Amino acid sequence: MAGKTQRPSLLPEATLPQHSSPVVMAGRHRSLKVGGVTPFTATDYPGQLAAVVFVQGCPWRCGYCHNPHLQARTSDSPLRWQDVRALLERRIGLIDAVVFSGGEPTMDPCLAEAILEARALGFKIGLHSGGTHPDRLRSVLPMLDWIGLDIKAGFADYERITRIRDSGVPALACLKEVLASGVAYECRTTAHPDLLPEGELEALAVKLANMGVKNYALQVFRAVGCNDEALNTRSVRDYPSAALVERLSGMFPVFTLRKT
Ligand code: SF4
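From a predicted model like this one, the values you see are computed outputs, not experimental measurements.

### Digging into the sheet that holds strand β3 (residues 34–41)
- Taking strand neighbours across the sheet as the criterion, the eight strands line up as β3-β4-β5-β6-β7-β8-β9-β10 in an open arrangement whose pairing is mixed. A single partner strand is all that each edge strand has here, and the edge strands are β3 and β10 (254–258). Neighbour-to-neighbour, the strand axes of this sheet turn through a mean angle of 15°, independent of strand direction.
- Judged from the five bridges that link them, β3 and strand β4 (residues 50–55) form a sheet pairing that is antiparallel. Opposite Gly 36, over in β4, you have Phe 54 as the bridge partner.
- Strand contacts of helix α5 (residues 168–181): β6 (124–129), β7 (146–150) and β8 (184–191), with the helix running at about 155° to β7, the strand carrying the most contacts.

Pasting the structure below:
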């Protein structure tokens, strides 16, 4: 996800308890593939102190991705879910929520099971998603308290960002699922002037407002953690213009501009 505000910190092996795997299916253990954990953050779930679980894998290849090391899925999970869950148990009373982020958490078939286990510990559940898997998103939405959904561009133009053909189709389906669900949400766009010129950014905002989006955040591109030098070297100092920001803020009941 480009929408998240933290990068994962891999936990040192020595800090992780060693347990045998409790779930075995067809002779093979299956659980969430976790690439990293942030044990404490105040910025990834609005108004809540949270831990963030960074799920491994993403089918898209956005140039501005802050966690490209999480895009590929490896055969084994870098961190065992059982150990992550044990960490979460030790966070009871210290944090309010667990956020599943990535990579793309809805890519993982074990997401629902992991969410239920975290919820059983008493945590609120947040999800960061790019909108890649509408069917899995629909199945987990009833388990969520909040979702941050990335909207990368006009839905016909997603390939420009994700480098994957027709990726706007599942993204649009995911947005419709979120809006229909009643789950608290934020739609957010990471915007770079070379990827989303001001005219296209405004057209996207108009479309989202017309679809019924009430909570929209514009996150201006940050070079920190981005491997794309062409994007990194372009100045975003005057982007977007103050006039456009004012028009955008008038389109949504809740509008947030994030720019550093
Ligand atoms: S959708 Fe995937 S590739 Fe794009 S920013 Fe998010 S994690 Fe990175």
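### Topic: helix α2 (residues 111–120)
- Buried residues of α2: Leu 111, Ala 114, Ile 115, Glu 117 and Ala 118, and no others. Projected onto a plane normal to the axis of α2, the buried residues spread over an arc of 165° and lie on a single side. Exposed residues lying more than 90 degrees from the buried face of α2 are Leu 116 and Ala 120.
- Elements that come into contact with the buried residues of α2 comprise α1 (81–90), β5 (97–102), β6 and α3 (134–140).
- Two residues or fewer after α2 comes Gly 122, characterised by a positive phi angle close to 100°.

### Regarding the environment of Phe 100
- Considering the arrangement of structural elements, one finds Phe 100 in strand β5.
- Owing to 26 C-beta atoms within 10 Å, Phe 100 belongs among the buried residues under this scheme.

### Examining the confidence of the model for the protein
- For the protein, the average pLDDT comes to 91, and 89% of its residues sit at 70 or higher.
- Confidence drops under pLDDT 50 across residues 11–25; counting only partners more than four residues distant or on other chains, this segment forms 18 contacts.

### Describing the environment of Glu 177
- Along the polypeptide, Glu 177 turns up in helix α5.
- Residue Glu 177 is classed as partly exposed on the basis of its 19 C-beta neighbours within 10 Å.
- Glu 177 sits 36 residues away from Leu 141 along the chain, and the two C-alpha atoms are 8.4 Å apart.
- When neighbours within four sequence positions are excluded, Glu 177 is seen to be in contact with Pro 134, Leu 137, Arg 138 and Leu 141.

### A few points about the environment of Leu 218
- The topology assignment puts Leu 218 in strand β9 (residues 215–220).
- A sequence separation of 28 residues divides Leu 218 from Thr 190, and the C-alpha atoms of the two residues are 6.3 Å apart.
- Once residues lying within four places of it in the same chain are set aside, the contact partners of Leu 218 are Thr 189, Ala 191, Leu 248, Leu 257 and Arg 258.

### Quick word on the nonpolar core
- Val 34, Val 53 and Val 98 are the most contacted members of the largest nonpolar core, which totals 61 residues.
- When residues in this core are grouped by element, the largest group, six residues, is from β4.
- Setting aside residues up to four positions removed in sequence, Val 34 forms contacts with Val 53, Phe 54, Val 55, Gln 56, Ser 77, Pro 78, Leu 79, Trp 81 and Val 84.

The rules behind the values
- Residues numbered from 1 in each chain as written.
- Predicted model: local features only at pLDDT ≥ 70, side-chain atom pairs only at ≥ 80, totals over all residues.
- Pairing = 2+ DSSP bridges.
- Helix = DSSP H or I, 4+ residues; strand = E, 2+ residues; numbered from the N terminus.
- Axes fitted to C-alpha atoms, helices over the stretch in contact; angles between N-to-C directions.
- Contact = placed C-beta atoms within 7 Å.
- Buried ≥ 20, exposed ≤ 12 C-beta atoms within 10 Å, placed from the backbone.
- Arc of directions from axis to C-beta.
- pLDDT = per-residue confidence, 0-100.
- Core = buried A, V, L, I, M, F, W, Y, C linked by C-beta atoms within 7 Å.

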